[in-house]
Number of protein chains: 2
Amino acid sequence: MNVTTVTAAEAAARLTGHNDILILTHRRPDGDTLGSAHALCRLLRQKGLRAFLHRNEDVTPRLAPLLEGMTPPEGFKPGFIVAADIASEDLFLASCAPYRGKVDLCIDHHPSNTGYAREVLLDGQAAATGELIWALAGILGITPDRGAMHALYIAVATDTGCFCFSNTTPLSHRIAAACIEAGVDVHAVNREFFERKSRARFQIERRLFDTLCFYGGDRVAASVLDRDFADSVGASGDDLDNLSTLIMQLDGVECAILLQELPQRGEYKVSLRTQKPLNASGICAVFGGGGHARAAGCMVRGDAEQCRDMLAREAVRQMESPC
Amino acid sequence: MNVTTVTAAEAAARLTGHNDILILTHRRPDGDTLGSAHALCRLLRQKGLRAFLHRNEDVTPRLAPLLEGMTPPEGFKPGFIVAADIASEDLFLASCAPYRGKVDLCIDHHPSNTGYAREVLLDGQAAATGELIWALAGILGITPDRGAMHALYIAVATDTGCFCFSNTTPLSHRIAAACIEAGVDVHAVNREFFERKSRARFQIERRLFDTLCFYGGDRVAASVLDRDFADSVGASGDDLDNLSTLIMQLDGVECAILLQELPQRGEYKVSLRTQKPLNASGICAVFGGGGHARAAGCMVRGDAEQCRDMLAREAVRQMESPC
């Protein structure tokens, strides 16, 4: 699809040239979509504009504060629609259906962005969409307030796995430094997202490793997390986050695959992580998904073990015959 | 004890006013002592001085490269002795015994530094001694070469738990940004220290949680790792690193205690981690140890379970009646 890209300066001009701005976030939201949207909303308000975040029905307790005081009043009619960190309309919430084909500006860092928006500010090298929001603040001449900095820290820290993943950039670190200097309690964020482990999460992690299967001479490792087990330990959405990266940590594993059963039994959300040079997005594309080179996802349906084997075999195939 | 502190500028002047500089690191070395020492040695060599690192018999494979090409030739007579990240002479290697009472300059960030050196460059607010070495480079007018940057990244990243711990400073992040820009493969370091998990490590972690005991209404959690088990899974020194932080991650835990049995059976190295306001150093001081406010250590000897209970009871006592 033809993507009409704009520069950060052009994006800033579009934003300040409008009012009643509505910002959309993606379904099953992460820290980057909500953190970026929250920070952008605050920046626009600091600029004197009316801006809101569309509600997000999928939000988990940990991220819910980013929506507080941000959703529009009854009867709000948006004059300009922005999508934050949404690579494709397939990632729209059901409640965002009215905005399909109507997004004015998408701000994103996914190279797989489908170009569904009228214009897109896209930087596939950025570690997080939050980095683009930071750049916009600079262009708009705004020093983000502490709330915006807090949101940007969440965006950047979560998308870089606390500055550990290979996507981490110098800017990721510089934003973090600025956040600490602005008085953001970054350790409270770190503890919540990277350190704290609920008892449910602890059980989930053990399950993950109990059911781990290896393929391709142990280079591919895959696990299935069934919904009944997750329910039995009282796992929340937050407890089920970022599990595939744990599998990826095992020595020798070059591709980690996690199938998480959705509340609709028999449907699985797949999270796939790879090491260079294996392309995660390329593997997921075979199953109608996409994402980044090192982290991608797709949806599959059917027998859990068959699905797991099918995904793992495709990973082994691409590992052995790179495109 | 009286600590004679010097400024970074004074420390830089002392260093460049001498030659044949020998840099010491502490026993059971971590990334900060070896990373800082390595970086300092390179800086001094960039300045045209002869400088070496004293060997470290305790070094683990992961950190061993920081000693390569750094140890002095046979018969080397040091003209100036520097201790990097060594809070006390109790942390000297046996091979450093000849240098007791003879350290000219100690560069350290431990508030518990005993002031054993003639002069000490001490910043208890610094996340890592590596931050002080970075500051010295600035004062010396040296752009650290890539090897020094690599070592500084190891120092700062390991002492901050990859920028996650509460000690992380804006400077920690700025050094990391500079390292990425200097071409350091920081992700290789992150993968090695924070992501990669050997099969032995994996087993050790499960053991840790299998033997976990709770005290004081689940606010204190303690575990014992016996040497026989560690040996049975073929655990290396690296596999046994930073285990107490894993216990600290459990929801509700405010004090994590890990007793690791030493090769001399019946002797335990204790690692203790706390959440604010509990003082880890204060608890360890009761048992002749010390360290930082949130991370400290000591040595105990005797029956594992009695030792564990004794430490945990002291933690509960200090939790309930803060000094």
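Residues numbered from 1 in each chain as written. Chains lettered and ligands numbered in written order. Predicted model: local features only at pLDDT ≥ 70, side-chain atom pairs only at ≥ 80, totals over all residues. Heavy atoms only, no water.

K.L.:
Just to check I follow, could you spell out the domain arrangement of chain A for this structure?
P.N.:
Accessible area lost during the coming together of the parts is what is often quoted as the interface size. Residue and element names in this part refer to chain A. In terms of domain boundaries, chain A breaks down into domain 1 (4–194) and domain 2 (199–320). A C-alpha centroid distance of 27 Å is found between domain 1 and domain 2. Contacts between the two partners involve 10 residues from domain 1 and, on the opposite side, 10 residues from domain 2. Summing both partners gives a buried area of about 820 Å² for domain 1 against domain 2, and 53% of it is carried by carbon and sulfur. Considering only the side of domain 1, the residues that lose the most area to domain 2 are Arg-28, Thr-60 and Arg-62, jointly responsible for 47% of the buried surface there. Linking domain 1 with domain 2 are two salt bridges, by the criterion used here. In this structure, Asp-241 and Arg-62 form a salt bridge, with 3.4 Å as the shortest nitrogen-oxygen distance. The tally of links between domain 1 and domain 2 comes to five residue pairs in polar contact (both at pLDDT 80 or more). (Domains from an automatic or database assignment. Contact = heavy atoms within 4.5 Å. Buried area = accessible area lost by both parts, 1.4 Å probe. Salt bridge = Lys/Arg side-chain N within 4 Å of Asp/Glu carboxyl O. Polar contact = N/O pair within 3.5 Å; in protein donor to acceptor, adjacent residues only side chain to side chain.)

K.L.:
Please clarify how the interface of chain A and chain B should be interpreted in this entry.
P.N.:
In this assembly, 37 residues from chain A lie in contact with 37 residues from chain B. Along the contact surface separating chain A from chain B lie eight salt bridges. When the shortest N-O distance is used, the salt bridge between Arg206(B) and Asp210(A) registers 2.9 Å. Seen at the junction of chain A and chain B, the total is 17 residue pairs in polar contact (both at pLDDT 80 or more). Elements with a contribution of two residues or more to the side of chain A that touches chain B: helix 5 (170–181), helix 6 (186–195) and helix 7 (199–210) of chain A. Class assignment of the residues belonging to the side of chain A that touches chain B gives a composition of 17 nonpolar, nine polar and 11 charged. (Helix = DSSP H or I, 4+ residues; strand = E, 2+ residues; numbered from the N terminus. Nonpolar A, V, L, I, M, F, W, Y, C, P; charged D, E, K, R; others polar.)

K.L.:
Quick question: what am I supposed to make of the pattern of salt bridges here?
P.N.:
Pairing of side chains with opposite charge becomes possible as their charged atoms draw close. This structure, assessed with the given rule, holds 42 salt bridges over all chains. Here Asp309(A) and Arg308(A) are joined by a salt bridge, their closest N and O atoms 3.3 Å apart. Judged by relative accessible area, which is 11%, Arg308(A) ranks as buried. Here Arg191(B) ties to Glu195(B) by a salt bridge, and the two come within 3.8 Å at their closest N and O atoms. Linking Arg191(B) with Glu195(B), this pair stays in helix 6 (residues 186–195), spanning four residues, or about one helical turn. (Buried < 20%, exposed > 50% of the residue type's maximum accessible area, 1.4 Å probe, protein only.)

K.L.:
In this structure, what is going on with the packing of helix 1 (residues 8–16) of chain B against helix 3 (residues 129–140) of chain B? I would like to understand it.
P.N.:
Working note: a packed helix pair is described by the angle between its axes plus the distance between those axes. Residues and elements named next belong to chain B. It is at 9 Å that the axes of helix 1 and helix 3 come closest, and there the two elements cross at 70°. If you check the angle between helix 1 and helix 3, you find them roughly perpendicular. Note on element contacts: helix 3 touches helix 1 through Leu-136, Ile-139 and Leu-140, opposite Ala-8, Ala-9, Ala-11, Ala-12, Leu-15 and Thr-16. Grouping the constituent residues of the contact of helix 1 with helix 3 by class yields eight nonpolar, one polar and no charged. (Axes fitted to C-alpha atoms, helices over the stretch in contact; angles between N-to-C directions. Parallel < 35°, antiparallel > 145°, perpendicular 65-115°, else oblique.)

K.L.:
What's the story with the relation of the copies chain A and chain B in this structure? I'm lost.
P.N.:
Turning one copy of the chain about an axis and sliding it along that axis gives the other copy, so a rotation and a shift relate them. In screw terms, the move from chain A to chain B is a rotation of 180° and a rise of 0.0 Å along the axis, fitting with an RMSD of 0.0 Å. What the rotation and shift describe, once combined, is the action of a two-fold rotation axis. In terms of proximity to the rotation axis, the leading residue of chain A is His173(A), whose C-alpha is 2.5 Å off the axis. Mapped onto chain B, 100% of the interface residues of chain A again fall at the interface, so both copies present the same surface. (Least-squares fit on C-alpha atoms with pLDDT ≥ 70 in both.)

K.L.:
What am I meant to see in the sheet that holds strand 10 (residues 290–291) of chain B here?
P.N.:
Backbone hydrogen bonds hold the strands of a sheet together, and the pairing may be parallel or antiparallel. All names here are of chain B. One open sheet accounts for six strands, arranged 6-7-8-9-11-10; its pairing is mixed. Each of the sheet's edge strands pairs with one partner strand only, and the pair in question is strand 6 (213–215) and strand 10. Where strand 9 (residues 267–274) and strand 11 (residues 295–301) come together, seven bridges link them in antiparallel fashion. Its bridge partner lying in strand 11, Glu-267 is registered against Arg-301. (Pairing = 2+ DSSP bridges.)

K.L.:
What is the right way to read helix 2 (residues 31–46) of chain A from this model?
P.N.:
Think of an α-helix as turning once every 3.6 residues; residues three or four places apart then point the same way. Residue and element names in this part refer to chain A. With 16 residues, helix 2 extends 22 Å from end C-alpha to end C-alpha; this agrees with the ideal 22 Å at 1.5 Å per step. For helix 2, the buried fraction is high: 13 of the 16 residues fall into the buried class. Two to three positions downstream of the cap, the backbone nitrogen of Asp-32 sits 3.2 Å from a side-chain oxygen, assigning the N-cap of helix 2 to Asp-30. Gly-48 sits one or two positions beyond helix 2 and adopts a positive phi of about 90°. (Expected span 1.5 Å × (residues − 1).)

K.L.:
Help me understand the side chain of Asp32(B), please; the structure alone is not making it clear to me.
P.N.:
Residues and elements named next belong to chain B. Inspection of the secondary structure assignment puts Asp-32 in helix 2 (residues 31–46). Here Asp-32 sits buried without a salt bridge, and the closest side chain of opposite charge, Arg-273, lies 12 Å off (N-O distance). Polar side-chain contacts of Asp-32 include one of 3.0 Å to the backbone nitrogen of Gly-130. Excluding its chain neighbours within four sequence positions, the residues that come into contact with Asp-32 are Ala-37, Asp-85, His-109, Ala-128, Thr-129, Gly-130, Ala-155, Thr-158 and Asp-159. (Lys, Arg positive; Asp, Glu negative; His and termini not counted.)

K.L.:
How do you make sense of the state of the cysteines when you look at a structure like this?
P.N.:
The bond known as a disulfide is covalent and runs between the sulfur atoms of two cysteines. On inspection of all chains with the given rule, the structure shows zero disulfides over all chains. Lacking any disulfide linkage, Cys164(A) is separated from the closest cysteine sulfur, that of Cys162(B), by 4.0 Å. Since its relative accessible area comes to 7%, Cys164(A) is described here as buried. No disulfide involves Cys255(B); its sulfur sits 8.3 Å from the nearest other cysteine sulfur, which is in Cys284(B). Looking at Cys255(B), the relative accessible area reads 0%, which means it is buried. (Disulfide = S-S within 2.5 Å.)

K.L.:
How should I be thinking about helix 3 (residues 129–140) of chain A in this particular structure?
P.N.:
Residue and element names in this part refer to chain A. Across its 12 residues, helix 3 extends 17 Å between first and last C-alpha, which sits within 8% of the 16 Å expected from 1.5 Å per residue. Those residues of helix 3 that are buried lie in contact with helix 1 (8–16), helix 2, strand 4 (105–108), strand 5 (119–122), helix 4 (146–159) and helix 5. Of the residues flanking the end of helix 3, it is Gly-141, one or two places downstream, whose phi is positive at about 70°.

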